[in-house]
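Here's the letter readout for the chains.
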Amino acid sequence: MGFTDHLALATLNFSTLPDQLVNGLLLGAIYALMALGYTMVYGILRLINFAHGEVYMLGAYISLFASYMLGYGSASAVGANPNPIMSPHTVLAVGLVMIVIGLAGGIAGLKIPKLPALVKAVGWMLVVIGVLAVFVGKFQPQALNLVIMLLASMFICSIVGIVIERFAYRPMRAHSRIASLITAIGVSMLIQNGGALFLPNSPPPSISEDVNPYRQTITMHIVPAPTALHEAVVKATPAYESTKKAFDDYIAKTGLSEFSLPPEGKKIRSDKMEAEKTYQDAKRKEDSAGVSVTLQQSRIIMLITVLVLMAGLTYLVMYTSAGRAMRAVSHDFDSAGLMGINVNSIVTFTFVVGSSLAGAGAMMIATFQGTPLTTFYGLLPGVKAFVAAVLGGIGNIPGAVLGGFLMGAAETLVIWAGYSEYKDAIAFVILIVVLLFRPGGLLGSSKVEKV
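Definitions and limits used
Residues numbered from 1 in each chain as written. Predicted model: local features only at pLDDT ≥ 70, side-chain atom pairs only at ≥ 80, totals over all residues. Heavy atoms only, no water. Helix = DSSP H or I, 4+ residues; strand = E, 2+ residues; numbered from the N terminus. Buried < 20%, exposed > 50% of the residue type's maximum accessible area, 1.4 Å probe, protein only. Contact = heavy atoms within 4.5 Å. Areas by Shrake-Rupley, 256 points an atom, 1.4 Å probe, with all protein chains shown as cover. Patch = residues over 30% accessible without salt bridge, like charges linked within 9 Å, V, L, I, M, F, W, Y side chains within 5 Å. Salt bridge = Lys/Arg side-chain N within 4 Å of Asp/Glu carboxyl O. Phe/Tyr/Trp six-rings, centres within 6.5 Å; stacked < 30°, edge-to-face > 60°. Lys NZ or Arg CZ within 6 Å of the ring centre and 35° of its normal. Axes fitted to C-alpha atoms, helices over the stretch in contact; angles between N-to-C directions. Parallel < 35°, antiparallel > 145°, perpendicular 65-115°, else oblique. Left-handed = near helix turned anticlockwise from the far one by under 90°. Nonpolar A, V, L, I, M, F, W, Y, C, P; charged D, E, K, R; others polar. Core = buried A, V, L, I, M, F, W, Y, C linked by side-chain atoms within 4.5 Å. pLDDT = per-residue confidence, 0-100. Expected span 1.5 Å × (residues − 1).

Caption draft 1: Broad picture of the overall build of the protein. Assigned secondary structure in the protein consists of 16 helices and two strands. Across the 451 residues that make up the protein, the buried fraction comes to 42%. Here the contacts in the protein between residues at least 6 apart in sequence split such that 78% fall between residues at least 24 apart. Here the protein has roughly 23,300 Å² of accessible surface; of this, 68% comes from carbon and sulfur atoms.

If you want it as structure tokens, here you go:
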């Protein structure tokens, strides 16, 4: 190892590595949600749905409009004017009604085998949503707005998925795959550029942070710092807080600017700056000596939500009649049709599930990160999710999840290494490497197939 290699390692801040790995896990969870949409559609239609990123973009805009309806202005607005559509008690009652209706539909599906798979799936979906509504209405009423935004984004995105499949992809099913691929690219460009005609685009809007009540941070100490360093921080804290309060009180009392102070004010400012430097130095030493992870509460909620959605999808595909029908159609269209499966309904249902997952991911990223929205908002995430699906094995659901988490980890490690300008390029590097050495992906088949 040469001198430059030692210098590069020395500049890496390993104390922040756990935070970056957790950030990569959270980012990868969103990529995994989107990759599931790609891999499910490809598994059934052998089609790369390049419009999936645009469905993600529309999900973010739907969340924005839902926040407006709830009374929250743009991120630049001062304060908020919350106006919940429903009270917590109403949500609780609606949730109980949905559970009853969903159970009736699900039990009817078990008793009546000829009942369409879509009806059964909707019944159990109502049960899940009803349980969520009961939990929110009873225990977490402050999360009501977030749940409304999440459900609105998932619902509208599922409708968009139905429209795209019915009017763009279904007519091309009898044509060559290259024609379907070009159609997918055309739909993507149509939504990107056509959306600019009626969606707010300039200046880019963003969802107000006031809609998120879970902005507090939680610090988890994996390896605590030595006691002496922690005691130094505790010792320096009272002086820092008292001098800061004295300076703030002096500025408020005199109405002066901190840059035009008399000798008395300069002395107070100097004491504050000295105490702050002592505190920050002690804090920096403690942070670098121990290993800790600092997370916003909303990010933990995001990860839990993603895992619940993935678990629900796994159950749907592996243990329900709709899932069995999806697997049958993915093996052979004609044979599945001869066995009495409504192929068109199953394909539409696949688009509904994939699009709703993309909408859920878009809502969480746009709300919890507050990123500005444009009609090209889903372009790069869509490409990265596609690479994640290829990395794990296109058409393989566990592979899509694995690929999403690996993509998120790779991107955050590039940022941690100090090359944030290349964080988007890493997706294309991974794609080239996978296609060169394992075209079928990590968990996919090694069989080479023309798309």
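Caption draft 2: Molecular detail of a nonpolar patch on the surface. Nonpolar side chains collect at one region of the surface, where Phe155, Ile156, Ile159, Val163 and Phe167 lie side by side and expose about 490 Å² of accessible area between them. Structurally, Ile159 can be placed in helix α6 (residues 144-169). Classification of Ile159 by relative accessible area gives partly exposed; the value is 36%.

Caption draft 3: Structural context of the packing of aromatic side chains. Counted according to the given criterion, the structure contains eight aromatic pairs. Seen from their ring centres, Tyr419 and Tyr422 are 6.4 Å apart, and the 45° between their planes marks the pair as tilted. On the basis of relative accessible area, Tyr419 is assigned to the partly exposed category, the value being 46%. Judged by its relative accessible area of 48%, Tyr422 is partly exposed. The ring of Phe167 has Arg166 sitting right over it, with the charged end atom 5.6 Å from the ring centre.

Caption draft 4: Local environment of the packing of helix α2 (residues 17-45) against helix α3 (residues 52-69). α3 packs onto α2 with a crossing angle of 130° between their chain directions and a minimal axis gap of 10 Å. The angle between the axes of α2 and α3 places the two elements in the oblique class. Regarding α2 and α3, the two cross each other, and that crossing is right-handed. For the pair formed by α2 and α3, the contact residues are Ile30, Met34, Gly37 and Tyr38 on the first element and His52, Gly53 and Tyr56 on the second. Along the lines of polarity and charge, the residues of the contact of α2 with α3 split into four nonpolar, three polar and no charged.

Caption draft 5: A look at the environment of Ile148. With respect to the helices, strands and loops of the structure, Ile148 is situated in helix α6. Residue Ile148 is classed as buried on the basis of its relative accessible area, which comes to 17%. Sequence separation between Ile148 and Ala133 is 15 residues; the distance between their C-alpha atoms is 9.6 Å.

Caption draft 6: Spatial organisation of the nonpolar core. Of all hydrophobic cores here, the largest spans 102 residues; its most connected members are Tyr56, Ile164, Tyr169, Leu313, Met364, Tyr377 and Ile430. Those residues in contact with Tyr169 that lie beyond four places of it in its chain are Leu47, Asn49, Phe50, Ala51, Ile164, Thr183, Ala184 and Phe351. Formed by five residues, the second largest nonpolar core is a distinct cluster that contains Val233, Ala236, Tyr240 and Tyr279.

Caption draft 7: Molecular detail of the pattern of salt bridges. One pass over the structure, following the stated rule, counts nine salt bridges. A salt bridge links Asp281 to Lys277; the shortest N-O distance between them is 3.1 Å. Of this pair, Asp281 and Lys277 both sit in helix α9 (residues 263-289), four residues apart, which is roughly one turn of the helix. One network of salt bridges, with partners in common, ties together Lys384, Glu411, Lys423 and Asp424.

Caption draft 8: Region of the structure containing the confidence of the model for the protein. Overall, the prediction assigns the protein a mean pLDDT of 82, with 88% of residues at 70 or greater. The spread of mean pLDDT over the elements of the protein runs between helix α1 (residues 3-11), the lowest at 45, and α3, the highest at 93. Segment residues 1-10: pLDDT under 50, and three contacts once partners within four positions in sequence are set aside and those in other chains are kept.

Caption draft 9: Molecular detail of the environment of Met310. Mapping Met310 onto the fold places it in helix α10 (residues 297-319). Residue Met310 is classed as buried on the basis of its relative accessible area, which comes to 9%. The sequence separation of Met310 and Leu357 amounts to 47 residues, and the corresponding C-alpha distance is 9.0 Å. What Met310 contacts, discounting residues up to four positions off in sequence, is Ala29, Ala32, Leu33, Leu36 and Val401.

Caption draft 10: Examining helix α14 (residues 379-392) more closely. Between its first and last C-alpha, α14 extends 20 Å over 14 residues, near the 20 Å set by a 1.5 Å rise per residue. The buried count for α14 comes to eleven of 14 residues, which makes it a mostly enclosed element. Along α14, the residues classified as buried are Pro381, Gly382, Lys384, Ala385, Phe386, Val387, Ala388, Ala389, Val390, Leu391 and Gly392. Downstream of α14 by one or two residues, Gly393 has phi in the positive range, about 120°.

Caption draft 11: Structural context of the environment of Ile162. Within the secondary structure layout, Ile162 lies in helix α6. Taking the C-alpha atoms as reference, Ile162 lies 5.9 Å from Thr348; in sequence the two are 186 residues apart. When neighbours within four sequence positions are excluded, Ile162 is seen to be in contact with Thr348 and Val352.

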